[in-house]
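One-letter residues, chain by chain:
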Amino acid sequence: PCTELSGLGEPTMHPDWAKMSADVQEKGNILYFPTNGTLLGPETYGHLEDSDRTRVEISLDASCEARYRKIRFGGNWDEVIGNARRLRADKPKARLLSTFTAGAYNIDDLPAFMETAASLGINEVDVRAVRAWALSPEKASLRYRKTQTEDAIGKAVAEANRLGVPIKVEPIIFAQGLENAGEDPTFV
């Protein structure tokens, strides 16, 4: 069985994180948790098993610092990348996953992201379309950018195959018409 420790916000911030995650693995369960990677240090993962029963999914959404800072509103790229590298070095048998939440503002970065994922020792990349809750979803959503999206995904799959990093792409439902609607993508 797999137990997911997640909820609203960063799961590693829970005051009982160490106890809860250790309990999951002591019961023989697979432990899965998503994280933004900012608190992913040895104090957070040191007690976890070095096995494929430890599954950590880091949300990055960008291949480089400049784009990451725009998406993560000033987040610390070097810290998150350093944490991912340390985790990979300290727990080489753990499954390190990455989520790329794709929108109109970063879909063109997806092929380059595959190189970043490979350099971090990521075992699998999961691509999900952003859910646009803005007043102008055509500026953020992929559903109005079929050609751009399909081109970027095709290139990313080719890169994934070349690099040996599995990629899963959540199905995207495109709008009928309005191809490339809206202005240039902005952060909403």
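Now for a quick tour of the structure. (Residues numbered from 1 in each chain as written. Predicted model: local features only at pLDDT ≥ 70, side-chain atom pairs only at ≥ 80, totals over all residues. Heavy atoms only, no water.)

Side note on the sheet that holds strand E1 (residues 2-4)
Consideration 1: Here we have six strands laid out as an open sheet, ordered E1-E2-E3-E4-E5-E6, and parallel in their pairing. Unpaired on one side and paired on the other, E1 and strand E6 (167-169) mark the two borders of the sheet. Each neighbouring strand pair of the sheet contributes to a mean axis angle of 20°, computed without reference to strand direction.
Consideration 2: Pairing between strand E4 (residues 95-102) and strand E5 (residues 124-129): six bridges, direction parallel. Considered in E5, the bridge of Phe100 is made with Val127.
Consideration 3: The sheet contacts of helix H5 (residues 110-119) involve E4, E5 and E6, and relative to E5 the element is tilted by about 150°. (Pairing = 2+ DSSP bridges. Helix = DSSP H or I, 4+ residues; strand = E, 2+ residues; numbered from the N terminus. Axes fitted to C-alpha atoms, helices over the stretch in contact; angles between N-to-C directions. Contact = heavy atoms within 4.5 Å.)

A closer look at helix H1 (residues 17-26)
Consideration 1: Every buried residue belonging to H1 is among Trp17, Ser21, Ala22, Val24 and Gln25, and all of these are buried. Buried residues of H1 fall within an arc of 155° about the axis and therefore sit on the same side. Away from its buried face by more than 90 degrees, H1 exposes Lys19 and Glu26.
Consideration 2: Close packing links the buried residues of H1 with E1, strand E2 (30-35), helix H2 (42-45) and strand E3 (54-59). (Buried < 20%, exposed > 50% of the residue type's maximum accessible area, 1.4 Å probe, protein only. Arc of directions from axis to C-beta.)

Some details on the packing of H5 against helix H6 (residues 146-163)
Consideration 1: Contact geometry for H5 and H6: axes closest at 7 Å, N-to-C directions at 25°. Judged on the interaxial angle alone, H6 and H5 are roughly parallel. Regarding H5 and H6, the two cross each other, and that crossing is right-handed. Every residue of H6 that contacts H5 at Leu110, Pro111, Met114, Glu115 and Ala118 is listed here: Ala152, Ile153, Lys155, Ala156, Glu159, Ala160, Arg162 and Leu163.
Consideration 2: Looking at the contact of H5 with H6, its residues break down into nine nonpolar, no polar and four charged. (Parallel < 35°, antiparallel > 145°, perpendicular 65-115°, else oblique. Left-handed = near helix turned anticlockwise from the far one by under 90°. Nonpolar A, V, L, I, M, F, W, Y, C, P; charged D, E, K, R; others polar.)

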